[in-house]
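# Fold and contact review
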Amino acid sequence: MSARSEPVLRAPQSRTKTSPVSASGPFEFTLALGDDALVAAQRLAEWTSRAPEMEEDVALSNIALDQLGAARLLLTYAGELEGAGRDEDALAYLRDDREFRNCLLVELPNGDFAVTMAKLFFLAAYQLPLYTALAGCGDEQLAAIGGKARKESAYHLDHAALWVRRLGDGTGESHRRMQAAVDGTWPYVHELFAADPAAPVDPATLRADFDATVTTVLAEATLTRPESGWAPAGGRDGVHTEHLSYLLAEMQVLHRAHPGARW
Amino acid sequence: MSTARAAVAAVVDPEIRVITIDELGILRAVDEDPATGRVTVTITPTYTGCPAMDVIRADIRRALAAAGHPDAEVRTVHAPAWSTDWISERGRAKLAEAGIAPPPPAASGGVVPLTLAVRCPRCGSPETEQISRFGSTACKALWRCRDCAEPFDHLKAL
Ligand SMILES: [Zn+2]
């Protein structure tokens, strides 16, 4: 297990802890999933026009678009569940950082290409079994969204795993950076699987599938799976890293400056 | 076929303009209320983030209005999820003609199907390779022919 002396990924700042929203009804659950997809889309889109090669630029933009598509469906449905008249735009653009329920993993900065791929790999290895389980859940709307999104998620996982293997089993430099990226992002995966038996799909039930995928791909990539220790969390309770605030500021500024603008 | 159904079925996909939404399999139903004349169209997106959906909805309404059905509603459903298996034979032929390799059958078991040989839509050679699994639109991958060296789009199985 390697530890970087200069962490690119900073721990969430300790703030006054509010009482955590532990029980996840369908609204909180759907909101959290929608926020995961929305924030992931925003981060991935930062690569548009700056990816290392043209094909990768197109790939990352496409994956961002898929995540945005899932986010729109999930947030629209979350708004319906809440019943307070908030639509997808109100939820995406008019909430502050403390009201977002995304996991910390997706809000972390992109870092280098290896960090982006590590984040995408872990996210997709979680979203694929999640959406697959949703496709069979009792909620008709969530089942439809899961059935749709899992097909796209499979492509994301495939793509990210390909890069993890290529970089891990590549040159000395690419191996070193891929391992560093895996080590740096690994602590953030645990939050994804916090048990929530009341949710439409209990995230804890997805862990075995995730671990199987990760173990296989990392082995093929000649990478070492990090030991599990430090496990930062808080995203599901609205306690985020400072990175989310900057991301939201950029994402929301236009909508807030010109409410209701259309073109 | 009713005039409403015919009008909607003829709407072309805004991103792949050689194929209609009916041939692409995203048109799920056209229902006309005989009493009020109101037409309800049901469509489903290829990909969740497909940016063409708004244009498709507008094109459907425009086509219906032109065919004498101004009272129309377009509904979007997500289940069952669209599959490339829903592209008609005619649609596949049109794609190939336009230089877009049609998708192989989507596997029923796995989520992402195994890759079968993709034939070059220009020269027919099976000696092709994938350059990128993501292409110019959400539903396409970028391929290249090893024989004639032409890059081409391939509608990937979903
Ligand atoms: Zn050829």
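Residues numbered from 1 in each chain as written. Chains lettered and ligands numbered in written order. Predicted model: local features only at pLDDT ≥ 70, side-chain atom pairs only at ≥ 80, totals over all residues. Heavy atoms only, no water.

In this section: the interface of chain A and chain B. Contact with chain A, which involves 21 residues of that partner, is made by 24 residues of chain B. Overall, the association of chain A and chain B removes approximately 2100 Å² of surface from exposure, summing both partners, and the carbon and sulfur fraction of that is 67%. Three residues stand out in chain A for area buried against chain B, namely K148(A), K151(A) and Y155(A), and they jointly supply 35% of the buried area on that side. At the surface where chain A touches chain B, the tally comes to 1 salt bridge. Among the ionic pairs, R133(B) bridges to D158(A), the shortest N-O distance being 2.5 Å. (Contact = heavy atoms within 4.5 Å. Buried area = accessible area lost by both parts, 1.4 Å probe. Salt bridge = Lys/Arg side-chain N within 4 Å of Asp/Glu carboxyl O.)

This next bit is on the packing of aromatic side chains. Within this structure, the stated rule accounts for 9 aromatic pairs over all chains. With a centroid separation of 5.9 Å and 75° between ring planes, the pair formed by Y188(A) and W230(A) is classed as edge-to-face. In this pair, Y188(A) sits in the loop between α7 (172–185) and α8 (207–220) while W230(A) sits in the loop between α8 and α9 (242–257), placing the two residues 42 residues apart along the sequence. Overall, the relative accessible area of 47% leaves W230(A) in the partly exposed class. A centroid spacing of 4.8 Å and a plane angle of 50° characterise the contact between F193(A) and F210(A), whose relative ring orientation is tilted. With a gap of 17 residues between them, F193(A) in the loop between α7 and α8 and F210(A) in helix α8 connect regions that are remote in the sequence. We note that F193(A), like F210(A), is buried. An aromatic cluster is built from F121(A), F122(A), Y126(A), W186(A), F193(A) and F210(A), whose rings are joined through pairwise contacts. Above the face of the W86(B) ring, R28(B) is positioned so that its terminal group lies 3.8 Å from the ring centre. (Phe/Tyr/Trp six-rings, centres within 6.5 Å; stacked < 30°, edge-to-face > 60°. Helix = DSSP H or I, 4+ residues; strand = E, 2+ residues; numbered from the N terminus. Buried < 20%, exposed > 50% of the residue type's maximum accessible area, 1.4 Å probe, protein only. Lys NZ or Arg CZ within 6 Å of the ring centre and 35° of its normal.)

What follows deals with α7(A). Residues and elements named next belong to chain A. For α7, built from 14 residues, the straight-helix expectation of 20 Å at 1.5 Å per residue is met to within 8% by its first-to-last C-alpha distance of 20 Å. For α7, the complete set of buried residues consists of S174, M178, Q179, A180, A181, V182, D183 and T185. Buried-residue contacts for α7 involve α4 (104–107), α5 (113–135), α6 (140–168) and α8. (Expected span 1.5 Å × (residues − 1).)

Attention now moves to the sheet that holds strand β6 (residues 140–145) of chain B. Residues and elements named next belong to chain B. Strands sit in the order β4-β7-β6-β5 across an open sheet of 4 strands; the sheet is mixed. Bordering the open sheet on either side are β4 (100–101) and β5 (128–132), each of which pairs with just one other strand. In this sheet, β6 lies alongside β5 in antiparallel orientation, the contact comprising 4 bridges. In the strand pairing of β6, T128 is matched with C145. (Pairing = 2+ DSSP bridges.)

In terms of backbone geometry, most residues other than glycine have negative phi values and most peptide bonds are trans. The step from A79(B) to P80(B) runs through a cis peptide bond, and the omega angle for that step is -5°. Note that P80(B) resides in the loop between β3 (72–76) and α4 (89–97). We note that S49(A) has phi near 80°; this positive angle belongs to a residue other than glycine. Position of S49(A) relative to the elements: it lies in the loop between α1 (26–45) and α2 (54–82). Residue S49(A) is classed as exposed on the basis of its relative accessible area, which comes to 59%. Positive phi is not limited to glycine here, since A149(B) has a value of about 70°. Overall, the relative accessible area of 52% leaves A149(B) in the exposed class.

This part is about the domain arrangement of chain B. Residue and element names in this part refer to chain B. For chain B, the assigned domains are domain 1 (3–82) and domain 2 (87–155). Centre-to-centre separation of domain 1 and domain 2, based on C-alpha positions: 26 Å. Of the roughly 960 Å² buried at the junction of domain 1 and domain 2 (both faces included), carbon and sulfur atoms supply 72%. Looking only at domain 1, the three residues that lose the most surface to domain 2 are I16, V18 and E23, adding up to 51% of its buried area. Taken together, the links from domain 1 to domain 2 amount to 2 salt bridges. (Domains from an automatic or database assignment.)

This part is about the coordination of the zinc ion. Residues and elements named next belong to chain B. Those protein atoms acting as donors to the zinc ion are C120 (SG), C123 (SG), C145 (SG) and C148 (SG), and they sit at 2.3 Å. Coordination at the zinc ion is tetrahedral, judged from the 4 donor atoms that bind it and the angles of 104 to 118° they form at the metal. Among the residues examined, C120 registers a relative accessible area of 3% and is labelled buried. On the accessibility criterion, C123 (43% relative accessible area) is partly exposed. (Donors = N, O, S within 2.8 Å, 3.2 Å for Na, K, Ca; no water. Tetrahedral: all angles 85-135°; square planar, octahedral: opposite > 155°, others 65-115°.)

Here the focus is the environment of L167(A). All names here are of chain A. Here L167 is to be found in helix α6. L167 sits 99 residues away from L68 along the chain, and the two C-alpha atoms are 27 Å apart. Setting aside chain neighbours within four positions, we find L167 in contact with F113, A114, S174, H175 and M178.

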